[in-house]
Amino acid sequence: MALATTAQQALWYINRLSQLGFTIPVELKANNTSSINVAENPINNPQTKHIDVSYHFTREYITCKSFTLSYIPTGENLTDIMTKGLPSVLHQRHT
């Protein structure tokens, strides 16, 4: 669900920048391989039926190359500093 929300925000920025004449490649990074697999592969099973609309939305824009999706290991994810308590070593590295 977070990936779908991020994709919506990325599309908003892409549209605004294109109105200003800029075209930039956008790469979304996720540290959850399951969400990446659901977004990239057309699977349909009982565990994912409650998020059908969101992952179809994200998959549609990945397919038409509006943005790309890649994996980032949890230890390298800079957004973790804003979303969870980190060990001091990771906190210092991210800041």
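For the structure itself, consult the block above.
Residues numbered from 1 in each chain as written. Predicted model: local features only at pLDDT ≥ 70, side-chain atom pairs only at ≥ 80, totals over all residues. Heavy atoms only, no water.

1. Side note on the overall build of the chain
Using the following cut-off: Only runs of H or I of at least four residues qualify as helices and only runs of E of at least two qualify as strands under DSSP, and these elements are numbered from the N terminus. Here's how the labels work: a residue is buried when its accessible area is under 20% of the maximum for its type, exposed when over 50%, partly exposed in between, all with a 1.4 Å probe on protein chains only. Note on areas: these come from Shrake-Rupley sampling with a 1.4 Å probe, and a residue is covered only by the protein chains present in the view.
The number of helices and strands found in the chain is five helices and two strands. When the elements of the chain are put in sequence order from the N terminus, they spell out α-β-α-α-β-α-α. Burial status across the chain gives 28% buried among its 95 residues. By element, 57% of the accessible surface of the chain is carried by carbon and sulfur atoms, the whole surface being about 6800 Å².

2. Brief notes about the packing of aromatic side chains
Applied cut-off: Note on aromatic contacts: the rings of Phe and Tyr and the six-membered ring of Trp form a pair at centre separations within 6.5 Å, being stacked when their planes are under 30 degrees apart, edge-to-face when over 60 apart, and tilted otherwise.
Tallying each qualifying case throughout the model produces one aromatic pair. Here W12 and Y13 contribute two aromatic rings whose centre-to-centre distance is 5.1 Å and whose plane-to-plane angle is 85°, an arrangement assigned as edge-to-face.

3. Some points on the pairing of strand β1 (residues 27–30)
Across a regular strand the side chains alternate sides, sitting on one face of the sheet and then on the other. Note the threshold: At least two DSSP bridges between two strands are needed for those strands to be called paired.
Taking every second residue as pointing to the same face, the buried face of β1 carries L28 and A30, while none of E27 and K29 on the other face is buried. Judged from the four bridges that link them, β1 and strand β2 (residues 68–71) form a sheet pairing that is parallel. Residue pairing for β2: A30 is matched across the bridge by Y71.

4. Remarks on helix α2 (residues 33–40)
Quick note on the threshold: Each direction from the helix axis to a C-beta atom contributes to the arc, which is the arc of those directions. Distance and chemistry together define a polar contact, namely a pair of N or O atoms within 3.5 Å, with one atom able to donate a hydrogen and the other to accept it when in protein, and with adjacent residues in sequence counting only for side-chain atoms on both sides.
Of all the positions in α2, only I36, V38 and A39 are classed as buried. Within α2, the buried residues cover an arc of 165° as seen down the axis, which keeps them to one side. In this structure N32 caps α2, since a side-chain oxygen of it lies 2.9 Å from the backbone nitrogen of S34.

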